[in-house]
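Okay, here's what each chain looks like letter by letter:
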Amino acid sequence: MPSVTHEALVELFKNRPTLAVEMLHDALGHPVPTFTEARVESSDFTEIVPSDRRADVVVVLLVGEQQRPAMAIVVEVQLRVDPDKPYVWPVYVTQTRARHRCPTRLLVVTIGAAMARWSARPIDTGHPGWTLTPLVLGPQGVPVVTDAEQAKAAPEVAVLSAMAHGQSEAAEAIGEAFFAAAAGLDEERRAVYGDLVLSSLNAAARRRLEAMMKSGYQFQSEFARGYVAKGRQEGRKEGILEAKAQAVLAFLEARGLEVPAEVRERVLASTDIDELDRWIRRAAVISDAQALLATTGS
């Protein structure tokens, strides 16, 4: 089941189709064609592919009076290692290209540095000359939005900034910029985005921002009431999992052990804190990284 963070990121790209263009061009430096409209299109591939395949968001850039597709962008939010993705991502690209008859890019969005590295690995499709290298937007590529005018012009970018950098020293400035610009949003987006920003900030920044508001900030949106508390809990757990996974790998590498790809993927994919703790202890004594995944021992 997709996490609240995953669904929140997907909604940002659906609500602002040009966000995919801005991140592709401005953050990652990839050229995009001149276009007159960016439109979210169907991301369901089940009518072409027998199994159930659905990308997170597909944005098509249209040009001219005839609204001819100039480029398509498949946006995939990736927060966990998924061994399936290197096989389905090429499908998303080729089927989107076939459906819209235009050049197609794959943009993978993640808020973790480790996941950004995993997502950026070239995918060898097996066909000579065809290696798909995903274009990855990780936390380093997301701009730090601390200017209210910039936040007003692109509120979804401001929310993305909070989600990527909300635990940094810039957290309070990011929050202030967003809330200074939030009055210009419609009621639903103001409520949802405000909740997402606050739930993404570190505790100190959140407390200071809440204190600035006359009667204290109350989570307002339908989305927030159902998911924000859960999202905070998931966010804390995700941070612990990533830190422990990186500790396992760092320990092995510091001891001069070669870490095979399958071991690295298994460690990064783990969602069991006890398992990761067990691997940290084992990493201190094993002489071969393959032995890390053995089912016996402590």
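All values reported here derive from a predicted model rather than from experimental measurement.

Let us now look at the sheet that holds strand E7 (residues 135-137). Sheet strands pair via backbone hydrogen bonds, and the direction of the pair is either parallel or antiparallel. A sheet is described by the order of its strands in space; here five strands give the open sequence E1-E2-E3-E4-E7, paired in mixed fashion. Two strands close off the open sheet at either side, each with one partner strand: strand E1 (37-41) and E7. The sheet shows a mean angle of 30° between the axes of neighbouring strands, taken without regard to direction. The sheet contact formed by strand E2 (residues 57-63) and strand E3 (residues 68-77) spans seven bridges and is antiparallel. Looking at the pairing, Leu62 lines up with Pro69 of E3. Running at roughly 160° to E3, helix H3 (residues 85-100) makes contact with E1, E2, E3 and strand E4 (104-109) of the sheet.

According to the stated counting rule, one finds eleven salt bridges in the structure shown. Arg189 is paired through a salt bridge with Glu156; the nearest N and O atoms lie 2.7 Å apart. With Arg189 in helix H8 (residues 187-200) and Glu156 in helix H6 (residues 155-165), this pair connects stretches of sequence that are 33 residues apart. Judged by relative accessible area, Arg189 falls into the partly exposed class, the value being 26%. In this structure Glu156 comes out as buried when scored by relative accessible area, which is 0%. Among the salt bridges present, the one from Arg208 reaches Glu172, with a minimum N-O distance of 2.4 Å. Of this pair, Arg208 sits in helix H9 (residues 203-212) while Glu172 sits in helix H7 (residues 171-181), placing them 36 residues apart in sequence. According to the relative accessible area criterion, Arg208 is partly exposed, its value standing at 42%. Among the residues examined, Glu172 registers a relative accessible area of 22% and is labelled partly exposed.

Moving on, we get to the packing of aromatic side chains. In total, this model carries two aromatic pairs according to the counting rule given. On the basis of an interplanar angle of 80° and a centroid distance of 5.2 Å, the ring pair of Phe178 and Phe179 is categorised as edge-to-face.

Another point: the packing of H7 against H8. One way to put it is that H7 packs onto H8 with a least axis distance of 10 Å and a crossing angle of 170°. In terms of orientation, H7 and H8 fall into the roughly antiparallel class. Only Tyr193, Gly194, Val197 and Leu198 of H8 make contact with H7, whose side of the interface consists of Gly175, Phe178 and Phe179. Of the residues in the contact of H7 with H8, the class split is five nonpolar, two polar and no charged.

A separate point is helix H2 (residues 18-27). Among the residues of H2, those classed as buried are Leu19, Ala20, Val21, Glu22, Met23 and Leu24. As for H2, its buried residues are in contact with helix H1 (4-15), E2, E3, E4, E7 and H6.

Here the focus is the pairing of E2. With respect to burial, E2 is a largely interior element, six of its seven residues being buried. Pairing geometry for E1 and E2, over five bridges, is antiparallel. When the bridges of E2 are listed, Arg39 appears paired with Val60. Following E2, the chain reverses through four residues before pairing antiparallel with E3; Gly64 in that reversal takes a positive phi of roughly 80°.

Within the fold, Gln78 resides in the loop between E3 and H3. A relative accessible area of 4% means that Gln78 is categorised as buried. Those residues in contact with Gln78, other than ones at most four positions away along the chain, are Lys85, Trp89, Val108, Val109, Thr110, Met115, Trp118 and Ser119.

Quick notes on the rules
Residues numbered from 1 in each chain as written. Predicted model: local features only at pLDDT ≥ 70, side-chain atom pairs only at ≥ 80, totals over all residues. Heavy atoms only, no water. Pairing = 2+ DSSP bridges. Helix = DSSP H or I, 4+ residues; strand = E, 2+ residues; numbered from the N terminus. Axes fitted to C-alpha atoms, helices over the stretch in contact; angles between N-to-C directions. Contact = heavy atoms within 4.5 Å. Salt bridge = Lys/Arg side-chain N within 4 Å of Asp/Glu carboxyl O. Buried < 20%, exposed > 50% of the residue type's maximum accessible area, 1.4 Å probe, protein only. Phe/Tyr/Trp six-rings, centres within 6.5 Å; stacked < 30°, edge-to-face > 60°. Parallel < 35°, antiparallel > 145°, perpendicular 65-115°, else oblique. Nonpolar A, V, L, I, M, F, W, Y, C, P; charged D, E, K, R; others polar.

Note that every value here comes from positions in space, so none of it alone points to a role or purpose.
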